[in-house]
Amino acid sequence: MAAFTRVAIRFPGSLRFVASAALSHVVTYLLVGLIASRALDYADILERPVIGDYYLPYGSVDIVASTTLQLLRGVMFGVVLLPFRGVLAASRWGWLWLWAVFVTIGILGTPAAAPSSFEGLLYTRLPLWFHAVGLPEMLLQTMAFSVLVHRNLRARTHPLAPRARQLLTALSVACIAFLGYTAVSLLFAFVAGVGLASGSDTRVLGQFAAPLVLGFLTVLFAKGRWWAPAHAVLYVASAAALAAYQGLVLGSTGWLYVLLAPVLPVFISLAMTRSSRLPSPPLEHG
């Protein structure tokens, strides 16, 4: 989790915490949402009677606008949690208390008649099964967010084992760098004068799976003076993966996007890893 904090390393403690909380929310929201939408087939569910009157069709929401909104939500979460940092950090169960607040007030007990809430059960026509189908995603995302926030608060006083810290740092850097693809996609959409509603299509989003994994592996295994060559290889491999996926799965390859899209994510990864020292796993003695 330390890598989330390094993004705002030059900011005062409060701003660093808010930035870390915002990034934690965006990353967990996007990853858990992508998995849930695929596993639960939201495209079909959101078109069913009654439900279709409550929600917009799947894929109609601009994914860039959604990401921007989630960043704003993450900042709000970070700001409201500022006074409670000491309480959360003092207990090893701080993540559980934070998660309990989310579940109790934000999901089950929300004042709005929202799906999966008590008010939603009473005052909406949504079928009972629909109130249950969204719970796994909300519970998992809020739990992941709570764990990351708590881990960040206790990083200095209760550090992880070197190997676990190395894995978590590599994953954090890869996820933050991955947001660069959203920024590049937004730029391409702006230049083309189109929205990115279709960007929420799972087939379209699938092209970023390989670059995400490649980014994680690059941070995990490249060391010392090999950071720059490793990231050069990461750029080439990410561009190749995008080109192959677009050609084989999407039917055509947008070469300008393929060549430019990895630039910002690779730069973010390089900047974060050069300014940090990833912990090395302990040496094995035989």
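Residues numbered from 1 in each chain as written. Predicted model: local features only at pLDDT ≥ 70, side-chain atom pairs only at ≥ 80, totals over all residues. Heavy atoms only, no water.

Colleague: Looking at this structure, how should I read the pattern of salt bridges?
Modeller: A pair can form between side chains of opposite charge whenever their charged atoms are brought close. Scanning the model with the defined rule gives one salt bridge in all. D44 is the partner of R48 in a salt bridge, and the nearest nitrogen-oxygen pair spans 2.8 Å. Here R48 falls in the partly exposed class, since its relative accessible area comes to 35%. Take D44: its relative accessible area is 33%, and that puts it in the partly exposed class. (Salt bridge = Lys/Arg side-chain N within 4 Å of Asp/Glu carboxyl O. Buried < 20%, exposed > 50% of the residue type's maximum accessible area, 1.4 Å probe, protein only.)

Colleague: What should I look at first to understand the packing of aromatic side chains in this one?
Modeller: In this description, an aromatic ring pair is defined by two values, namely the gap between the centres and the angle between the planes. Here the structure, examined in full by the defined rule, presents 11 aromatic pairs. Ring centres of W129 and F130 lie 5.9 Å apart, and the angle between their planes is 90°; on these two criteria the pair is classed as edge-to-face. By relative accessible area, W129 is classed as partly exposed at 37%. Ring centres 6.0 Å apart and planes at 80° place the aromatic pair F178 and F208 in the edge-to-face group. Of the two residues, F178 sits in helix α11 (residues 162-192) while F208 sits in the loop between α12 (202-205) and α13 (209-221), which places them 30 residues apart along the sequence. F178 gets classed as partly exposed once you look at its relative accessible area, which sits at 22%. Of the residues examined, F208 reaches a relative accessible area of 9% and is grouped as buried. Taken together, the aromatic side chains of Y54, Y55, W129 and F130 make up a single cluster linked through ring pairs. Across the ring face of F17, the terminal group of R85 is positioned such that the distance to the ring centre comes to 5.7 Å. (Phe/Tyr/Trp six-rings, centres within 6.5 Å; stacked < 30°, edge-to-face > 60°. Helix = DSSP H or I, 4+ residues; strand = E, 2+ residues; numbered from the N terminus. Lys NZ or Arg CZ within 6 Å of the ring centre and 35° of its normal.)

Colleague: Any chance you could explain empty space enclosed by the protein here in plain terms?
Modeller: Remark: the empty space left among the atoms is shown by a probe the size of a water molecule rolled over them. Following the criterion strictly, the structure yields one cavity of 30 Å³ or more and no others. In this model, the largest cavity occupies a volume close to 90 Å³. Every residue lining the largest cavity is listed: A174, A177, F178, Y181, P211, L212, G215, L234, S238, P265, V266 and S269. For the lining of the largest cavity, the elements supplying multiple residues, two or more each, are α11, α13, α14 (227-250) and α16 (263-274). In terms of residue count, the dominant contributor to the lining of the largest cavity is α11 (four residues). (1 Å grid on protein atoms, 1.4 Å probe; cavity = no way out; pocket = protein on both sides within 12 Å on 5 of 7 lines; lining within 4 Å. Points joined across faces, edges and corners; volume = space filled by probe spheres on them.)

Colleague: Looking at this structure, how should I read the side chain of T124?
Modeller: Mapped onto the secondary structure, T124 falls in the loop between α8 (118-123) and α9 (128-133). Polar contacts involving the side chain of T124 include one to the main-chain carbonyl oxygen of G120, which spans 2.6 Å. The residues touching T124, leaving out its near neighbours within four places in the chain, are A113, E119 and H131. (Polar contact = N/O pair within 3.5 Å; in protein donor to acceptor, adjacent residues only side chain to side chain. Contact = heavy atoms within 4.5 Å.)

Colleague: What exactly am I supposed to notice about the packing of α11 against α16 here?
Modeller: Where α11 contacts α16, the axes come no closer than 7 Å and their chain directions differ by 150°. As far as their axial angle goes, α16 and α11 are roughly antiparallel. Every pair of crossing elements has a handedness; the one defined by α11 and α16 is right-handed. Taken together, the residues of α16 that come into contact with α11 (itself represented by V173, I176, A177, G180, Y181, A183 and V184) are L264, P265, I268, S269, M272 and T273. The class makeup of the residues in the contact of α11 with α16 is 10 nonpolar, three polar and no charged. (Axes fitted to C-alpha atoms, helices over the stretch in contact; angles between N-to-C directions. Parallel < 35°, antiparallel > 145°, perpendicular 65-115°, else oblique. Left-handed = near helix turned anticlockwise from the far one by under 90°. Nonpolar A, V, L, I, M, F, W, Y, C, P; charged D, E, K, R; others polar.)

Colleague: Sorry if this is basic, but what is going on with the nonpolar core here?
Modeller: Most often, soluble globular proteins keep nonpolar side chains buried together rather than apart. In this structure, F17, A21, F77, L81, L88, L98, F102, F145, V149 and L153 together form the largest nonpolar core, which totals 10 residues. For this core, the secondary structure elements donating two or more residues are α2 (13-40), α5 (63-81), α7 (94-108) and α10 (135-153). Excluding residues within four positions of it along the chain, V149 makes contact with F17, A21 and L98. (Core = buried A, V, L, I, M, F, W, Y, C linked by side-chain atoms within 4.5 Å.)

Colleague: Please explain the UniProt feature "transmembrane region" (unreviewed entry) in the protein as it appears in this structure.
Modeller: Here the UniProt-annotated "transmembrane region" (unreviewed entry) positions come out as residues 63-84, 96-114, 126-149, 170-192, 204-222, 229-248 and 254-273. As annotated, residues 96-114 has a helix share of 68% and a strand share of 0%, and its two end C-alpha atoms lie 23 Å apart. (UniProt positions renumbered as here; feature names shortened; annotations may be inferred.)

Colleague: How should the packing of α2 against α11 be read in this particular structure?
Modeller: For any two helices packed against each other, one specifies the crossing angle of their axes together with the interaxial distance. Between α2 and α11, the shortest axis-to-axis distance is 11 Å and the interhelical angle comes to 75°. The angle between the axes of α2 and α11 places the two elements in the roughly perpendicular class. On α11, the residues that touch L23, V26, V27, L30 and L31 of α2 are C175, I176 and L179. Grouping the constituent residues of the contact of α2 with α11 by class yields eight nonpolar, no polar and no charged.

Colleague: Mind showing me how you'd approach α14 here?
Modeller: Since the α-helix turns once every 3.6 residues, residues separated by three or four places project in the same direction. The terminal C-alpha atoms of α14, which comprises 24 residues, lie 32 Å apart, in line with the 34 Å expected from a rise of 1.5 Å per residue. Taken together, the buried positions of α14 are W227, A230, H231, L234, S238, A239, A241, L242, A243 and Q246. Packed against the buried residues of α14 are α11, α13, α15 (255-260) and α16. Two residues or fewer after α14 comes G251, characterised by a positive phi angle close to 95°. (Expected span 1.5 Å × (residues − 1).)

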